[in-house]
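Below are the chains, spelled out letter by letter.
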Amino acid sequence: MADLNFPFVDPPRQDQFQSCIKCGLCLDSCPTFQETGRELESPRGRVQLIAAVARGVVPLQAPKVAQTLFSCLDCRACEVACPSGVPIGSLIERGRAQVVGWQEAHPDLHGQRSVSKTTRWAVTHLLPNQRRLRRLGWVVARVQRLGLLSGPGRRLLPKPMRAMAQSLPPLTGKETLPPERTTGSSPNPKKKVGVFLGCVMDVVFGDANQATIRVLDKNGLGPVVPQGQNCCGALAIHAGERETARKMARRNIDAFLAGDLDYIATNAGGCGAALMEYGEWLADDPQYREKAEIFSKKVKDVAQILDTEGWQVPRSATTEVVTYQTSCHLSNVMKAGAAPERILQSIPGVQLKPMADSARCCGSAGIYNLTHPQMAEALLRRKMEDVPDGIDTIVTGNPGCWLQLLHGVQAYRPGVQVRHLVQVLDDAYQRETSSP
Ligand code: SF4
Ligand code: SF4
């Protein structure tokens, strides 16, 4: 339902923005407020601006509404700090969809769009289509092999993408999961786990998906890869494209609920947070509302599943010195707590050095590093300052952070690797099978 001042479907909910008591306890947790000190770049400022639009005090089309809502990282650190339980992320996502709706309805009145046409096309036409995405991965793999992404050819890319292109790992351009890897080896696994592949994770970091399947299998948690799944929809929601996100959600629900699964496993904090919110996205859809709730309750990060069900402690030793950077969504929404660190510390010989404020957003935030490159770079620089000295590897749990951190180590900490938690655990298992 729309309302007078938010004229499109899914407006920010009045009961939610009115529950803000303006205490300001969220301010210090907000990375954009920490950087700028501006009220309008704080959670409270954003919530109060939404309330002002709803009251008709500020028009939806005022440029500051778009700027304020789109400058948010959607990292959700503020929700953890808020004593009133204001769902700030949802309010901002709904507010953005209203802004995008207005910009779409008035193309001649609005000079600059909050989300560029290219980005919009990518989230509405590329990400929902796994085949198209893999074809792009194939093309990028070839372009990389020709050296065009590391040389002067980078100048052909839009500016914010150039640094990213250079730090992109070499793509294979191949299917990440050949058919024989789509189910586990045990005929009687203790749990049945549907593996969510994701879009960026699948095309850029297919190794992590394969490692996830091997790790689940090794621990008797029968992995299956449901066919017909697609991108989680998080990037579409962040871009204000709620209807596209809902379409993706319905497709994933159909793909995963067709099997009798105990868990839906993700290895990407950003995706996991989105998958857990399908109930909210589809609350007004009588056909999918209930199914979305059932789906979302099964969603867990692979680290959480291992932590709950138990994992085999590797026997092989290493001398790797690591630090762990949790994704903000994995921490603030999925509430993974210290499960990833427990797994890392179980690997004999791994030395874990803590990273200060590890869950603070690294600046990746979906497409944020493309839409707000300056703020993203400032946050990345801070993140890199927090990386302890003397480490070999930054371990993380989300493809967006992974890409951002790869860019960060290239610029600020050369020689440091960035890897996913499941790869580190999988390597330890592989070492014990390969050693005599
Ligand atoms: S989601 Fe993150 S960036 Fe946005 S208001 Fe909350 S803390 Fe700030
Ligand atoms: S902590 Fe919550 S209630 Fe307090 S100002 Fe921030 S959003 Fe409002």
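Here, every reference points to the structure presented above.
The sections below set out a description of the structure shown in this document. A quick note: this is a predicted structure, and the numbers were derived from the prediction, not measured.

### Points about the overall build of the protein chain
Within the protein chain one finds 23 helices and 8 strands. Expressed as a percentage of the 436 residues in the protein chain, the buried residues total 56%. Put simply, of all contacts in the protein chain between residues at least 6 apart along the chain, 76% involve residues at least 24 apart. Carbon and sulfur atoms form 53% of the exposed surface of the protein chain, whose accessible area is close to 18800 Å².

### With respect to the sheet that holds strand β5 (residues 321–325)
Taken in spatial order, the 4 strands make up an open sheet running β6-β5-β7-β8, and their pairing is parallel. The strands lining the two open edges of the sheet, one partner per strand, are β6 (351–352) and β8 (417–420). Pairing of β5 with strand β7 (residues 393–396), which is carried by 4 bridges, proceeds in the parallel orientation. Bridging from a neighbouring strand, T323 pairs with I394 of β7. Strands in contact with helix α23 (residues 421–434) are β7 and β8; relative to β8, the strand with the most contacts, it is inclined by about 85 degrees.

### Overview of the site of ligand 1
Around ligand 1, the structure places C30, P31, T32, P43, R46, C72, L73, D74, C75, R76 and C78. Of all the secondary-structure elements, those providing two or more residues to the shell around ligand 1 are α2 (31–36) and α3 (43–55). The residue makeup of the shell around ligand 1, split by class, is 7 nonpolar, 1 polar and 3 charged.

### A few points about the packing of aromatic side chains
Throughout the structure, instances matching the rule amount to 5 aromatic pairs. Ring geometry for F205 and W402: centres 3.7 Å apart, planes at 5 degrees, overall stacked. In this pair, F205 is assigned in the loop between α10 (200–204) and α11 (206–218) and W402 in helix α22 (residues 399–412), connecting sequence segments 197 residues apart. Pair check on accessibility: F205 and W402 agree, each one buried. Sitting over the face of the ring of Y288, R250 holds its NZ or CZ atom 5.9 Å from the ring centroid. Over the face of the ring belonging to Y288 we find K291, whose NZ or CZ atom lies 4.3 Å from the ring centre.

### Considering the nonpolar core
Counting 123 residues, the largest nonpolar core has V65, Y278 and I394 as the members making the most contacts within it. Sorting elements by how many residues they give to this core places α3 first, with 7 residues.

### Some words on a nonpolar patch on the surface
A cluster of nonpolar side chains, contributed by L136, W138 and V139, occupies part of the molecular surface with about 270 Å² of accessible area. Note that V139 resides in helix α8 (residues 130–145).

### A word on the packing of α3 against helix α4 (residues 63–70)
Two packed helices can be described by the angle between their axes and the distance between those axes. Here α3 crosses α4 at 145 degrees, and the two axes come no closer than 10 Å. Considering the relative orientation of α3 and α4, their crossing is left-handed. Taking contact as the criterion, the partners of R46, L49, I50 and V53 in α3 are, on α4, K64, V65, T68 and L69. For the contact of α3 with α4, a count of residues per class yields 5 nonpolar, 1 polar and 2 charged.

### With respect to the sheet that holds strand β2 (residues 221–224)
Across the sheet, which stays open at both edges, the 4 strands sit in the order β2-β1-β3-β4 with parallel pairing between neighbours. At either margin of the open sheet sits one strand with a lone partner, and together these are β2 and β4 (299–301). In this sheet, neighbouring strand axes are inclined to one another by 40 degrees on average, regardless of whether the strands run parallel or antiparallel. Both strand β1 (residues 191–195) and β2 contribute to a ladder of 4 bridges, which runs parallel.

### Here we look at α22
With 14 residues, α22 should reach 20 Å at 1.5 Å per residue; the first-to-last C-alpha distance of 19 Å fits that figure. Most of α22 sits inside the fold, with 10 of its 14 residues counted as buried.

### Section: the side chain of R96
Residue position: R96 is located in helix α6 (residues 88–105). For the buried R96, which has no salt bridge, the nearest side chain bearing the opposite charge is D74, at an N-O separation of 4.8 Å. Once you skip the residues sitting within four places of it in the chain, R96 turns out to touch L69, F70, C72, H238 and G240.

### Observations concerning the environment of L126
Along the chain, L126 turns up in helix α7 (residues 117–126). Measuring from C-alpha to C-alpha, the distance between L126 and C199 comes to 9.6 Å, with 73 residues separating the pair along the chain. Setting aside residues no more than four positions away along its own chain, L126 makes contact with W121, R132, L133 and L136.

### Description of the pairing of β7
Going residue by residue along β7, you find T393 and V395 tucked away on one face and I394 and T396 tucked away on the opposite face as well. Sheet analysis places β7 next to β8, joined by 4 bridges and oriented parallel. Across the sheet, residue T396 finds its bridge partner in β8, namely H420. Since β7 and β8 lie parallel, the crossover through α22 that links them has a hand, and here it is right-handed.

### Quick notes on α6
Counting along an α-helix, one turn takes 3.6 residues, and residues three or four places apart therefore face a common direction. For α6, with 18 residues, the first-to-last C-alpha span of 26 Å sits near the 26 Å given by 1.5 Å per residue. Here α6 lies mainly inside the structure; 16 of its 18 residues are buried.

### Regarding the side chain of S358
The topology assignment puts S358 in the loop between β6 and α20 (368–371). Residue classification places S358 among the buried residues on the basis of a relative accessible area of 12%. Of note is the side chain of S358, whose polar atom sits 3.1 Å from the backbone oxygen of Y324. At a separation of 3.0 Å, a polar atom in the side chain of S358 contacts the main-chain amide nitrogen of T326.

About the thresholds
- Along each chain, residue indices are assigned from 1 in the same order as the chain's sequence is written.
- Going through the entries in the order they are written, you letter the chains from A and number the ligands from 1.
- Selection of residues for local features in this predicted model requires a pLDDT of at least 70, selection of side-chain atom pairs for listing and counting requires 80 or more, and totals for whole chains, interfaces and linings are taken over all residues.
- Each side-chain value is derived from all of the structure's non-hydrogen atoms; neither hydrogens nor water enter the calculation.
- We count a stretch as a helix when DSSP gives it H or I for four or more residues in a row; a strand needs E for two or more, and each element gets its number in order from the N terminus.
- Each residue is assigned to one of three classes by its accessible area relative to the maximum for its type, calculated with a 1.4 Å probe on protein chains only: buried under 20%, partly exposed between the two thresholds, exposed over 50%.
- The contact rule is simple, with two residues in contact once any of their heavy atoms fall within 4.5 Å.
- Here the open area of atoms and residues is found with the Shrake-Rupley method and a 1.4 Å probe, where only the protein chains shown may cover a residue.
- Following DSSP output, two strands are said to pair if at least two bridges run between them.
- Geometry is summarised by axes, namely lines fitted to C-alpha atoms with helices restricted to the contacting stretch, and by angles between N-to-C directions that run from 0 to 180 degrees.
- Whether a residue is near a molecule or strand depends on its heavy atoms: it is near if one of them lies within 4 Å of it.
- As a working rule, the residues Ala, Val, Leu, Ile, Met, Phe, Trp, Tyr, Cys and Pro are called nonpolar, Asp, Glu, Lys and Arg charged, and the rest polar, with Gly in that last group.
- Two rings from Phe, Tyr or Trp (for Trp, the six-membered ring) form a pair when their centres sit within 6.5 Å of each other. Planes less than 30 degrees apart are called stacked, planes more than 60 degrees apart edge-to-face, and all others tilted.
- The rule is short: NZ of Lys or CZ of Arg within 6 Å of the ring centre and within 35 degrees of the ring normal puts a charge over the ring.
- Residues grouped as a nonpolar core are buried Ala, Val, Leu, Ile, Met, Phe, Trp, Tyr and Cys residues, joined through side-chain atoms within 4.5 Å.
- Residues enter patches when their relative accessible area tops 30% and they take part in no salt bridge; the joining distance is 9 Å for like charges and 5 Å for the nonpolar side chains Val, Leu, Ile, Met, Phe, Trp and Tyr.
- Throughout this description, the term salt bridge denotes a Lys or Arg side-chain nitrogen within 4 Å of a carboxyl oxygen of Asp or Glu.
- Here a crossing is taken to be left-handed if its near helix is turned anticlockwise relative to the far helix by less than a right angle, and right-handed if that turn runs clockwise.
- Expected span, for any helix, means 1.5 Å times one less than how many residues it has.
- The charge count includes Lys and Arg as positive and Asp and Glu as negative, but it does not include His or the ends of the chains.
- With its strands directed away from the observer, a crossover is right-handed exactly when the path from the first strand over the helix to the second travels clockwise.
- Side-chain atoms alone can form a polar contact between residues adjacent in sequence; in general such a contact is a pair of N or O atoms within 3.5 Å, and within protein one must be able to donate a hydrogen while the other accepts it.

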